[in-house]
Amino acid sequence: QVQLVESGGGLVQAGGSLRLSCKVSGLTFSSYVMGWYRQSPGKQRELVAAITTGGSTNYADSVKGRFTISRDNAKNTVYLQMNSLKPEDTAVYYCNANVDGRIRSYVYWGQGTQVTVSS
């Protein structure tokens, strides 16, 4: 059974920092591209950051220079360090794991963790 469990969300003032964690079990973590997505009310879910199996990263323009994604394959965990938070970063943040198999893609989601940034 695949599980992605996020933690680290909460309420923070603008300019503050949070570190999200996503602990993964039930799959070969090192084989999966890992990502963080977010969704705020009335908006579509959007990619925030992703990290490949080789450690390459990409970020949404809105978070470049402020957020850092990293992974620890020994701990089956992916992190999102969020600095200089803004009220517009307020959203539910979801962890994502995906890999392209021979026939189909495998995509898994966590349950989400709320991040609220007050002005």
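The structure displayed is predicted, hence computed values, not measured ones.

Rules used in this analysis
- Residues numbered from 1 in each chain as written.
- Predicted model: local features only at pLDDT ≥ 70, side-chain atom pairs only at ≥ 80, totals over all residues.
- Heavy atoms only, no water.
- Disulfide = S-S within 2.5 Å.
- Helix = DSSP H or I, 4+ residues; strand = E, 2+ residues; numbered from the N terminus.
- Buried < 20%, exposed > 50% of the residue type's maximum accessible area, 1.4 Å probe, protein only.
- Pairing = 2+ DSSP bridges.
- Polar contact = N/O pair within 3.5 Å; in protein donor to acceptor, adjacent residues only side chain to side chain.
- Contact = heavy atoms within 4.5 Å.

Draft legend 1. A look at the state of the cysteines. Tallied over the entire structure, the rule returns one disulfide. Two residues, C22 and C95, share a disulfide whose sulfurs are 2.1 Å apart. Taking the torsion about the S-S bond as the criterion, the C22 to C95 disulfide, at about -85°, is left-handed. Linking C22 in strand β3 (residues 18–25) with C95 in strand β9 (residues 91–100), this pair joins segments that are 73 residues apart in sequence.

Draft legend 2. Broad picture of the pairing of strand β1 (residues 3–7). Covered by surrounding structure in β1 are L4 and E6 only, the residues Q3, V5 and S7 on the alternate face being uncovered. Sheet topology note: the β1/β3 ladder contains five bridges and is antiparallel. The partner of E6 across the bridge, within β3, is C22.

Draft legend 3. Inspection of the side chain of T77 at higher detail. Position of T77 relative to the elements: it lies in strand β8 (residues 77–82). The class for T77 is buried, based on a relative accessible area of 6%. Within the structure, the side chain of T77 is placed 2.8 Å from the backbone oxygen of K75, a separation counted as a polar contact. Excluding anything up to four places from it in sequence, T77 contacts S21, C22, K23, F29, S70, R71 and D72.

Draft legend 4. Structural view of the pairing of strand β5 (residues 46–51). Sheet topology note: the strand β4 (residues 33–39)/β5 ladder contains five bridges and is antiparallel. Counted as the bridge partner of R38 is E46 from β5. Between β4 and β5, which pair antiparallel and follow one another directly, the connecting turn spans six residues, one of which, G42, has a positive phi of 80°. Where β5 meets strand β6 (residues 57–59), three bridges bridge the pair, whose relative direction is antiparallel. Within β6, the residue paired with A50 across the bridge is N58. Two successive antiparallel strands, β5 and β6, enclose a turn made up of five residues, where G55 displays a positive phi of approximately 95°.

Geometric descriptors of this kind do not, in isolation, establish any biological role.
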